[in-house]
Amino acid sequence: HSVALPILTQSQLVNQALVDHFLLECRISAHFTALRRFLLLEDGEFGHTLATGLFQELTFGSNWRRLYSPSFLNPLLSSALDASLHGHTPQAERLSFALGQKPSAVKSHSIEALECLEMRYKVDWPCNIVITPESIKKYNKVFQLLLQLKRTSRALKDTFARLKKCGGLGEERLRRLQTHRHELQHFVNVMEGYLTNQLFYLSWGEFEAQLAQRVGSLDDLIGAHQGFVNKAIFRCLLSKKARPVMGIIQGIFSSILEFSSQLGSSAADPRRSFRAMCDTHRRFREAAGLLIKGRDIALSR
């Protein structure tokens, strides 16, 4: 006992000094905050400018290959950072785009069109012991989901504006399409509220509480960050077990983009698209019913 106690005390002092080095000298909390602002799109101006540029090029660009070129992506990232209050911090300079396997062709209403796009965040030693490349990949899974959600929301807002300009559709048909659009918008709003609550209030709140109270060693710090990232993946329905549920949700996202594109260039004579848009809404209702049924099964267990 006389030997163990001094060793234990010394170990605790070394562990606390190591944690203080990461938190105070390396300022790893600033990296955590930057990941939340930029990869989780908490920074509204950054996310809006970035998403708007991507979606406009995807929808109206004359050459879809330009969407994946550095000559387009790098200036877009700079513009998004300029729009942000935090765009000129040292952490913002660590951001860059990266591309995975590019698709051979892109449809403007395909929900998978931006899946190859990744946001990289450069982390130097020793902070990369905590913020690992694997954790950045998980941040990117959430980033891509949030981009998809922003894209569907923008598509529905554009549809609302185009429907108001439709002529010759008839009041009854116009009211019916607006009702369908409102149902789709309600689903998107619910998803946005759910993800915001799970990411920034629940998961991040738990992470901050751990950093403030329960981090006594480097292993604790690594575990707290890994726990936050894993909870974010789980609660955003991006885990392997939730893959069937996310498949339904992404199918709904695709239906929303299809609903918007079916109005498309037929805004001057939307009667040609009315039946197709109603069929798309019917498929949306069927998919939403599957989600509700799955929820009820899960609650009954």
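So, a few notes on the structure that sits alongside this text. (Residues numbered from 1 in each chain as written. Predicted model: local features only at pLDDT ≥ 70, side-chain atom pairs only at ≥ 80, totals over all residues. Heavy atoms only, no water.)

Next up on the list: the pattern of salt bridges. One pass over the full model with this rule turns up 12 salt bridges. Residues Glu-172 and Arg-175 are paired through a salt bridge, measuring 2.7 Å at the closest nitrogen-oxygen approach. Residue Glu-172 and its partner Arg-175 are both found in helix H6 (residues 171-213); the two are separated by three residues, about one turn of the helix. Note on Arg-175: relative accessible area 41%, which makes it partly exposed. (Salt bridge = Lys/Arg side-chain N within 4 Å of Asp/Glu carboxyl O. Helix = DSSP H or I, 4+ residues; strand = E, 2+ residues; numbered from the N terminus. Buried < 20%, exposed > 50% of the residue type's maximum accessible area, 1.4 Å probe, protein only.)

We now examine the environment of Leu-39. Secondary-structure assignment places Leu-39 in helix H2 (residues 28-39). C-alpha of Leu-39 to C-alpha of Lys-141: the two residues are 102 residues apart in sequence and 9.5 Å apart in space.

Where H6 meets helix H8 (residues 243-263), the closest approach of the two axes is 11 Å, and the angle between their N-to-C directions is 140°. As for how H6 packs across H8, the hand of that crossing is left-handed. Counted together, Leu-177, His-180, Arg-181, Leu-184, Phe-187, Val-188 and Met-191 of H6 and Ile-249, Ile-252, Phe-253, Ile-256 and Phe-259 of H8 form the full contact between these two elements. For the contact of H6 with H8, the per-class residue count stands at 10 nonpolar, one polar and one charged. (Axes fitted to C-alpha atoms, helices over the stretch in contact; angles between N-to-C directions. Left-handed = near helix turned anticlockwise from the far one by under 90°. Contact = heavy atoms within 4.5 Å. Nonpolar A, V, L, I, M, F, W, Y, C, P; charged D, E, K, R; others polar.)

Quick look at the packing of helix H3 (residues 44-60) against helix H4 (residues 70-83) now. Axis separation between H3 and H4 bottoms out at 7 Å; the angle between their running directions is 150°. With respect to their mutual orientation, H3 and H4 come out roughly antiparallel. The interaxial crossing formed by H3 with H4 has right-handed handedness. Residue-level contacts link Glu-45, Phe-46, Thr-49, Leu-50, Gly-53, Leu-54 and Glu-57 of H3 to Phe-72, Leu-73, Leu-76, Leu-77, Ser-79, Ala-80, Leu-81 and Ala-83 of H4. (Parallel < 35°, antiparallel > 145°, perpendicular 65-115°, else oblique.)

Another point: the side chain of Gln-262. Mapped onto the elements, Gln-262 comes out in helix H8. Exposure remark for Gln-262: the relative accessible area of 17% places this residue in the buried category. Separated by 2.9 Å, the side chains of Gln-262 and Thr-280 make a polar contact. Apart from the residues lying within four places of it in its own chain, the contact partners of Gln-262 are Ser-273, Ala-276, Met-277 and Thr-280. (Polar contact = N/O pair within 3.5 Å; in protein donor to acceptor, adjacent residues only side chain to side chain.)

Before going further, it helps to spend a moment on helix H1 (residues 4-25). Along its 22 residues, H1 runs 30 Å from first to last C-alpha, staying within 8% of the 32 Å computed at 1.5 Å per residue. Looking one or two residues beyond H1, the residue adopting positive phi is Arg-27, at roughly 50°. (Expected span 1.5 Å × (residues − 1).)

This part is about the environment of Val-188. Structurally, the position occupied by Val-188 is in helix H6. We classify Val-188 as buried; its relative accessible area is 0%. Taking the C-alpha atoms as reference points, Val-188 and Ile-252, 64 residues apart in sequence, are found 9.6 Å from one another. Not counting chain neighbours up to four residues away, the residues in contact with Val-188 comprise Leu-149, Thr-152, Ser-153, Leu-156 and Ile-256.

Take the nonpolar core next. If you look at the biggest cluster of nonpolar residues, it comprises 86 residues, and the most contacted ones within it are Phe-46 and Leu-54. At 11 residues, helix H5 (residues 133-164) tops the list of elements feeding residues into this core. (Core = buried A, V, L, I, M, F, W, Y, C linked by side-chain atoms within 4.5 Å.)

Glancing now at the packing of aromatic side chains. This structure, assessed with the given rule, holds eight aromatic pairs. Centre to centre, the rings of Phe-32 and Phe-207 are 5.1 Å apart; their planes meet at 70°, and the pair counts as edge-to-face. Here Phe-32, found in helix H2, pairs with Phe-207, found in helix H6; they are 175 residues apart in sequence, far enough to count as distant. The same class applies to Phe-32 as to Phe-207, namely buried. A ring pair is formed by Tyr-139 and Phe-228, whose centres lie 6.3 Å apart and whose planes are at 50°; its orientation type is tilted. With Tyr-139 in helix H5 and Phe-228 in helix H7 (residues 218-235), this pair connects stretches of sequence that are 89 residues apart. Overall, Tyr-139 belongs to the buried group, its relative accessible area being 3%. Looking at Phe-228, the relative accessible area reads 2%, which means it is buried. Here the guanidinium or amino end of Arg-173 rests over the ring plane of Phe-274, the centre of that ring lying 5.0 Å away. (Phe/Tyr/Trp six-rings, centres within 6.5 Å; stacked < 30°, edge-to-face > 60°. Lys NZ or Arg CZ within 6 Å of the ring centre and 35° of its normal.)

What you see with strand E2 (residues 117-121) is a clean split: Leu-117, Met-119 and Tyr-121 sit on the buried side and Glu-118 and Arg-120 on the side with no burial. Examined bridge by bridge, strand E1 (residues 95-99) and E2 share five bridges and lie antiparallel to one another. Counted as the bridge partner of Phe-97 is Met-119 from E2. (Pairing = 2+ DSSP bridges.)

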